[in-house]
Amino acid sequence: MIIVLMGIQGCGKGTQAKLLSKHYSWQHINLGGMFRKAIANKSKIGKEIKHYIDAGKLVADEIVYETIENTLGKKKKGFLFDGFPRTLAQAHYLVENHVVNKVIYLDLDDDTARARMGARRVCSNCNKDYNILSKPPKVEGKCDVCQHDLIRRTDDYLEGINKRIHLFHEQTKPLYDFFKQRDLLFVVDANQEIEVINKQIMEAIDLIEE
Ligand code: AMP
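Parameters at a glance
- Residues numbered from 1 in each chain as written.
- Predicted model: local features only at pLDDT ≥ 70, side-chain atom pairs only at ≥ 80, totals over all residues.
- Heavy atoms only, no water.
- Pairing = 2+ DSSP bridges.
- Helix = DSSP H or I, 4+ residues; strand = E, 2+ residues; numbered from the N terminus.
- Axes fitted to C-alpha atoms, helices over the stretch in contact; angles between N-to-C directions.
- Contact = heavy atoms within 4.5 Å.
- Salt bridge = Lys/Arg side-chain N within 4 Å of Asp/Glu carboxyl O.
- Buried < 20%, exposed > 50% of the residue type's maximum accessible area, 1.4 Å probe, protein only.
- Near = heavy atom within 4 Å.
- Polar contact = N/O pair within 3.5 Å; in protein donor to acceptor, adjacent residues only side chain to side chain.
- Areas by Shrake-Rupley, 256 points an atom, 1.4 Å probe, with all protein chains shown as cover.
- Arc of directions from axis to C-beta.

Caption draft 1: Quick peek at the sheet that holds strand β5 (residues 120-123). With respect to topology, three strands assemble into an open sheet ordered β6-β5-β7, the strand pairing being antiparallel. For this open sheet the edge positions go to β6 (129-131) and β7 (150-151), each flanked by a neighbour on one side alone.

Caption draft 2: Focus on the sheet that holds strand β1 (residues 2-6). Strand order in this open sheet of five strands is β2-β3-β1-β4-β8, and the pairing throughout is parallel. Whereas interior strands pair on both sides, the edge strands pair on one side only; in this sheet they are β2 (27-30) and β8 (185-189). Neighbour-to-neighbour, the strand axes of this sheet turn through a mean angle of 20°, independent of strand direction. As paired strands, β1 and strand β4 (residues 102-107) are joined by four bridges and run parallel to one another. Its bridge partner lying in β4, Met6 is registered against Tyr105. Relative to the sheet, helix α8 (residues 174-181) contacts β1, β4 and β8, its axis offset from that of β8 by approximately 130°.

Caption draft 3: Looking closely at the pattern of salt bridges. Under the definition given, this model contains six salt bridges. A salt bridge links Asp129 to Lys135; the nearest nitrogen and oxygen atoms lie 3.8 Å apart. By relative accessible area, Asp129 is classed as partly exposed at 30%. For Glu203, the salt bridge goes to Lys199, with nearest N and O atoms at 3.2 Å.

Caption draft 4: Molecular detail of the site of the ligand. Within the structure, the ligand sits among 15 residues, and Lys57, Val59, Gly83, Arg86 and Gln90 are positioned closest to it. Contact distances for the ligand include 2.6 Å between an oxygen atom and a backbone N or O atom of Lys57. Here a nitrogen atom of the ligand and a side-chain polar atom of Gln90 are 2.9 Å apart. The protein chains hide 96% of the 480 Å² of surface that the ligand would expose on its own.

Caption draft 5: Molecular detail of helix α3 (residues 44-54). Of the residues making up α3, those classed as buried are Gly46, Ile49 and Ile53. For α3, the angular spread of buried residues about the axis comes to 65°, placing them on one side. Exposed and facing more than 90 degrees away from the buried side of α3 are Lys44, Lys47 and His51. Buried residues along α3 sit against α2 (31-40) and α4 (61-72).

Caption draft 6: Here's a closer look at the side chain of Thr172. Structurally, Thr172 is set in helix α7 (residues 158-172). Among residues more than four places away in sequence, those in contact with Thr172 are Met6, Pro85, Arg86 and Leu167.

Caption draft 7: Spatial organisation of α2. Residues of α2 that are buried include every one of Leu31, Gly32, Phe35 and Ala38, and no others. All buried residues of α2 project into a common sector of 120° when viewed along the axis, lining one side. Exposed side chains of α2 directed beyond 90 degrees from the buried face belong to Lys37 and Ala40. Contacts made by the buried residues of α2 are with β2, α3, α4 and β3 (79-82). Immediately downstream of α2, the backbone of Lys42 shows phi near 55°, a positive value.

Below you can see the structure in the form of structure tokens.
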């Protein structure tokens, strides 16, 4: 089973992917997170990836496809893509090489997305994510789990946020029609409670016939 979660940054893809992967015991494939890990490991590929991310650009397709294939190569009963595909070329690659069962589109307006991204924080040590508006830590600026400092991702400042919103409309939004034409799209209003969104997504997934 392959499910794709799509939507503008801040729409809650990651939150929903975590809930769904736990519920169905599927592997959550968060490309952005995998890339940040590669950067933290200071590997050769990590250095290359850093150039793209710091410039607010998408990482090159060769790196993306290699990462995807390495992950799909692990035999799991299901995969949840969060942050892939992001371009029409990547969408073509995915449907031509793998069977996609459903694409969940989390629909959110730009202003709300911008506000949510500006409020994101992440633990500098264990990577646990917070939102100072909707999911604040118990002690301001400190991780609840390991007490290390919370930081803002380098691409979560205004310039980076606006660049990514622009990129989303230019490169990722066209995937809406691409998947709709293939009868794979399920649209959810992302401006609802997390639990409500989760329930609507699970109802759609449970209707899939394999
Ligand atoms: P995210 O955490 O999903 O916002 O991703 C962080 C960064 O990783 C993005 O701004 C891109 O530079 C890169 N990235 C994530 N997913 C992809 C993808 N499908 N294709 C290319 N680059 C990606």
